[in-house]
Structures are given as C-alpha cells and as structure tokens.
Amino acid sequence: MRIGTGYDSHRLVEGRKLVLGGVEIPHDKGLLGHSDGDALVHAIIDALLGAMGRADIGAHFPDTDLQYKGISSIRLLEHVKKLLDENGFEIANIDSTIIAESPKMAPHIPGMKKNLSAVLGTENIAVKAKSNEKMGFLGRGEGIAAMAACLIRKTGKQVVQRPVEP
C-alpha cells in the first residue's frame, strides 16, 4: 500500500465558471486557473501522483503549456488514471475535503462522486465539504481549497513499462 496527499486552492474571480469534481456549480464567480481551476480534482491528482512517487500536477501539466489552457481537469485525471494502470496500481480509496464558504457543496457532491468514480473506476471515494468559519482568505470567500488523501496498491498487472516521468 502507498499513500499520497494533495492540496490545491484557487482564487474566486468574476467571469469564470465554478467547476469542482467536474460539476459546474451555479455561482457568481469561478476559480482562476490555467485549466478549469477544479481545485478538488487537482488535489486528487496530486495525491495520486504522490502515492506513485511522481512529481506534482505542475510537472505533468505545466501552466506554461497552451494545450492545457482551459482544459477540463477531468481530462487531466483521465491521464493520471492511465499512469496508475500502466504502472500496475489500483486505488484502494480516496478521501477528500472541499473548503469553501459558499456556495453550499452538499447538493453537488453526488455528481462529483459520480464523475470521479467514472474516471477512476472505483466508488471508494469520499467527498466532504467544510467552511473555514469566516477565517482567512477562504473564510472571506476569496477562494476555494481542497485536500485529498489516497491509498493505492500494486495489482501485479503492469500494462506498459514507461520511462520514469517527472
């Protein structure tokens, strides 16, 4: 078994869609980022990459690369799932938390879990939401953050041997 952790946060700005867990959430602001800014998926990606002993999301999908400009973070997660499969890993579980003052996340969590499960091939995914109790930049509603932890295990079914990447 291998463990990984991930964290991401993005500033809320006008003129962007708010996307978390691949779900577009009605809100007057969205998350600023090179991709769609999906902090939840980014935290999960970093947790999975870390568990595999790989570099972080920025090394795999640099914000200087135009092919990732505005891309759905779900597409990035699909790539990470391929890395897991190619290297003979399966997900034991993922535990994640979104930190946001608003909007309320509870109505959107089932859709997030459905999207994540469809890409990752497991239902062992927890998505929770907390406020920051009006403290700091998150509490003032200036941004949204997410944390994730995962456990992965070797399956013995290594699909393709790839050279070590970042």
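Owing to the predicted nature of the structure, the values given are computational and were not obtained by experimental measurement.

A. Looking closely at helix α4 (residues 109-120). Taking 1.5 Å as the rise per residue, α4 with 12 residues should run 16 Å; its terminal C-alpha atoms sit 16 Å apart, in good agreement. Among the residues making up α4, those that are buried are Ile109, Met112, Leu116, Ser117, Val119 and Leu120. End-on, the buried residues of α4 take up no more than an arc of 165°, which puts them together on one face. Opposite the packed face of α4, turned more than 90 degrees from it, sit the exposed residues Pro110, Lys114 and Ala118. Contacts made by the buried residues of α4 are with β2 (18-20), β3 (23-25), α1 (39-51), α3 (73-86), β5 (89-99) and β6 (125-130).

B. Region of the structure containing the pairing of β5. Among the 11 residues that make up β5, eight are buried, leaving the element largely enclosed by the rest of the structure. Both β5 and strand β7 (residues 143-154) contribute to a ladder of 10 bridges, which runs antiparallel. Along β7, the bridge assignment pairs Glu90 with Arg153. Strand direction decides the pairing type here: β5 and β6, joined by six bridges, are parallel. For Thr97, the partnering residue across the bridge sits in β6 and is Lys128. Read from β5 through α4 to β6, the crossover connection turns out right-handed.

C. How the structure looks around a nonpolar patch on the surface. Judged by side-chain polarity, Tyr7, Phe137 and Met147 come together as a nonpolar surface patch covering roughly 280 Å² of accessible area. Summarising the element assignment, Phe137 is placed in helix α5 (residues 136-139).

D. Molecular detail of the side chain of Lys81. Locating Lys81 in the fold gives a position in helix α3. Excluding anything up to four places from it in sequence, Lys81 contacts Val119, Leu120 and Gly121.

E. Looking closely at the environment of Ser9. Counting through the fold element by element, Ser9 comes out in strand β1 (residues 2-13). In this structure the C-alpha to C-alpha distance between Ser9 and Ala106, which are 97 residues apart in sequence, comes to 19 Å. If we skip the residues at most four places from it in the chain, Ser9 touches Phe137, Ile144 and Ala145.

F. Broad picture of the packing of α1 against α4. α4 packs onto α1 with a crossing angle of 35° between their chain directions and a minimal axis gap of 12 Å. Viewed along their axes, α1 and α4 form a crossing whose handedness is right-handed. Where α1 approaches α4, its residues Leu40, Val41, Ile44 and Leu48 are matched on the opposing element by Met112, Leu116 and Leu120. Residues that form the contact of α1 with α4 fall into these classes: seven nonpolar, no polar and no charged.

G. Here's a closer look at the nonpolar core. Within the largest apolar cluster, 44 residues are counted, with the highest numbers of intra-cluster contacts made by Leu20, Leu48 and Met112. Breaking this core down by element, the ones donating at least two residues are β2, β3, α1, α3, β5, α4, β6 and β7. Looking at this core, the element that brings in the most residues is α1, giving 10 residues. Those residues in contact with Leu20 that sit more than four places away from it in its chain are Ile25, Leu31, Asp38, Ala39, Leu40, Ile98, Met105, Met112 and Ile144.

Rules used in this analysis
- Residues numbered from 1 in each chain as written.
- Predicted model: local features only at pLDDT ≥ 70, side-chain atom pairs only at ≥ 80, totals over all residues.
- Heavy atoms only, no water.
- Helix = DSSP H or I, 4+ residues; strand = E, 2+ residues; numbered from the N terminus.
- Expected span 1.5 Å × (residues − 1).
- Buried < 20%, exposed > 50% of the residue type's maximum accessible area, 1.4 Å probe, protein only.
- Arc of directions from axis to C-beta.
- Contact = heavy atoms within 4.5 Å.
- Pairing = 2+ DSSP bridges.
- Right-handed = clockwise from strand over helix to strand, strands pointing away.
- Patch = residues over 30% accessible without salt bridge, like charges linked within 9 Å, V, L, I, M, F, W, Y side chains within 5 Å.
- Areas by Shrake-Rupley, 256 points an atom, 1.4 Å probe, with all protein chains shown as cover.
- Salt bridge = Lys/Arg side-chain N within 4 Å of Asp/Glu carboxyl O.
- Axes fitted to C-alpha atoms, helices over the stretch in contact; angles between N-to-C directions.
- Left-handed = near helix turned anticlockwise from the far one by under 90°.
- Nonpolar A, V, L, I, M, F, W, Y, C, P; charged D, E, K, R; others polar.
- Core = buried A, V, L, I, M, F, W, Y, C linked by side-chain atoms within 4.5 Å.

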